[in-house]
Amino acid sequence: EDIFGPRLCCGDDYSEQNINFARMASQIELPSGGASENTAEVYDHLLDNGKKSSKNEPGLLQRIMLRVDEQVSVKLLLKVWGPRLEFFIRCMLVTIFLEDSVGMASHFSEQVGQFGSSSFGVVAVTLGLLVQSIASLGLLAKPSLGHVWCPLLIGWEVLQPVLYGQLANLEFVCGSLSVVGGLCLLMAHLQKESDSGEGKSSAQREIDTFRVESTELAGRLLLPSTYLYQAWLFLSMVMVSRDTSGVMDYLSKFSGSVVSAALLVILTIGCLLIAVGLRSRTVALGLAILNIAFVCYEHPIWSFISYGGGEWKVNDAKMWMPTVSLADSADLQIDPWQVYDIHKYYFFLGLSTSGALLLLTHYGPGKMALQQNELVLPTVSRAQD
C-alpha cells in the first residue's frame, strides 16, 4: 500500500496541498504553465518529454532514428544485434589471417622456396600456418581466451614482414600495424570482460586496469598507421616538382595537387582525432567505410579472374602490379597467379583494417582519451526505457 494513500483521501488541508503540488508539476512538465522560457527549456532537456525548442531542431539522422523507433525499439535492436555485430567485426579482423593460412596450406612448397634455407622455411611456414589458423578460429569460437589468441596473432603480424623481407614495403608494414592496433583493442576489451577482480588486492587491480588502458591507448595509436602512409603518399604528390609543357598540362597537374592536398588534410585530421580520442568513434566509422570502398577500387580481385573451359583463368590484361618488395634480379619472372595472390592479400588486409576501425567504433576509445563517452547514434525516446 502506498504510504501516501491515507493522506490523499482525508482532510481539506491535504487536498489543498495536493492541488498545489499538481500545479507545480504542471509548470515543470509544461513550460507554458507559468514558468519562464529559460527555465522551461532546462526542464524540457532534463525530463526529455519530447518537446524541442525551435532553436534545437532534430537533425536528419535524429529524425530517421525517431521514425525507426516508432516501428521497433532501437534499444531492443541493439540488444539483439549487438553481439552479432561484434562477431561480424571479429570475423572481418581475422580475415587476413584465415586467408593467409589457407594460402600457406595450398602453396606450401612455394612458400618454403621463398626462404634461403629449406629447413628454416619449413619451420617458418608451418609456424605461420598453425598460429594464424588456430588463433583466428580461437578468437571466433572462444573469445574468452583472447589473452592467448591476440598475442599470438600480434607476434606473427610483427614477425611476418621480417621473415618475408617486406620491411621496405611501407604499405604492407603500415597495414599490418593497423591490424595490430585492432588486436590490441580487442584484447583489452576481452580482458575487461573476463577480469572480475575477485580475490585481488587493490594494488593488483590498479595494475591490471593500467595495463588494459595502456593496451587500449597503444591500439588506438596504431590504428591510423595505414592512413598515415596514404597521407605521406598524397604529400609526396603535392610536393613533387611539376614540369609543365602547356597550360592544360599545368591545370591538370594543379587540380591533382589540390585534390591530393585536400585528402592529405582530411587523413591527417582523422588520424589525429583517433590518436587523441576525440570524436574517434565517428571518425573510425567513416574511415572504415572509405577504406572498404578504396580496397574494392584498388584491388578488385573478382574482376581479375574468369571461369571458362572448366578452369579458372587470370586476366593479366586487366591486372596491374601492386606494391611489393621483390628480390633484385634482372630476369625475375612473376606468374600472373602470384600477382593475383598479392592483390588478394591486400584486399583481405584492407578488410581486416576496416574491421579494426569498426572495433574502435563498437568498443570506444577507452579511458585514456579526450572524449570517453561518445555517442555514434542519436538517442531516441524509447531507447531510454
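Residues numbered from 1 in each chain as written. Predicted model: local features only at pLDDT ≥ 70, side-chain atom pairs only at ≥ 80, totals over all residues. Heavy atoms only, no water.

Peer 1: Please clarify how the overall build of the chain should be interpreted in this entry.
Peer 2: The secondary structure content of the chain amounts to 14 helices and two strands. In the chain, which comprises 385 residues, the share counted as buried stands at 36%. For the chain, restricting intrachain contacts to residue pairs at least 6 apart in sequence, the fraction spanning at least 24 positions comes to 69%. Accessible surface for the chain amounts to roughly 22900 Å². Of this, 63% is attributable to carbon and sulfur atoms. (Helix = DSSP H or I, 4+ residues; strand = E, 2+ residues; numbered from the N terminus. Buried < 20%, exposed > 50% of the residue type's maximum accessible area, 1.4 Å probe, protein only. Contact = heavy atoms within 4.5 Å. Areas by Shrake-Rupley, 256 points an atom, 1.4 Å probe, with all protein chains shown as cover.)

Peer 1: Help me out: how do you make sense of the environment of Val-122 in this one?
Peer 2: Tracing the backbone through its elements, the reader meets Val-122 in helix H7 (residues 118–141). What makes Val-122 partly exposed here is its relative accessible area of 36%. If sequence neighbours within four positions are ignored, Val-122 has contacts with Phe-108 and Val-112.

Peer 1: Looking at this structure, how should I read unusual backbone geometry?
Peer 2: Glycine aside, the phi torsion of most residues is negative, and most peptide linkages are trans. Phi is positive for Arg-279, which is not a glycine, with a value near 55 degrees. Turning to its location among the elements, Arg-279 is positioned in the loop between helix H12 (247–276) and helix H13 (280–298).

Peer 1: It is not clear to me how the pattern of salt bridges should be interpreted in this structure. Could you clarify?
Peer 2: Applying the stated criterion across every chain, the model contains four salt bridges. For the salt bridge of Glu-216 with Lys-192, the shortest nitrogen-to-oxygen distance reads 2.7 Å. Of this pair, Glu-216 sits in helix H10 (residues 202–222) while Lys-192 sits in helix H9 (residues 170–194), placing them 24 residues apart in sequence. Across the pair Lys-344 and Asp-341 runs a salt bridge, and its minimum N-O distance is 3.9 Å. Of this pair, Lys-344 and Asp-341 both sit in helix H14 (residues 336–363), separated by three residues, roughly a single helical turn. Each of Glu-99, Asp-341 and Lys-344 takes part in a single network of salt bridges with overlapping partners. (Salt bridge = Lys/Arg side-chain N within 4 Å of Asp/Glu carboxyl O.)

Peer 1: When you look at a nonpolar patch on the surface in this model, what are you seeing that I'm missing?
Peer 2: Nonpolar side chains collect at one region of the surface, where Ile-64, Val-68, Val-72, Leu-76, Leu-77, Val-80 and Trp-81 lie side by side and expose about 560 Å² of accessible area between them. Every element with two or more residues in the nonpolar patch is listed here: helix H4 (60–71) and helix H5 (74–106). At four residues, the largest contribution of residues to the nonpolar patch is made by H5. Residue placement: Val-80 occurs in helix H5. (Patch = residues over 30% accessible without salt bridge, like charges linked within 9 Å, V, L, I, M, F, W, Y side chains within 5 Å.)

Peer 1: Explain the environment of Met-104 to me, please; I cannot follow it from the model alone.
Peer 2: Among the secondary structure elements, Met-104 is positioned in helix H5. Those residues in contact with Met-104 that lie beyond four places of it in its chain are Gln-111, Val-125, Gly-128, Leu-129, Gln-132, Trp-156 and Tyr-164.

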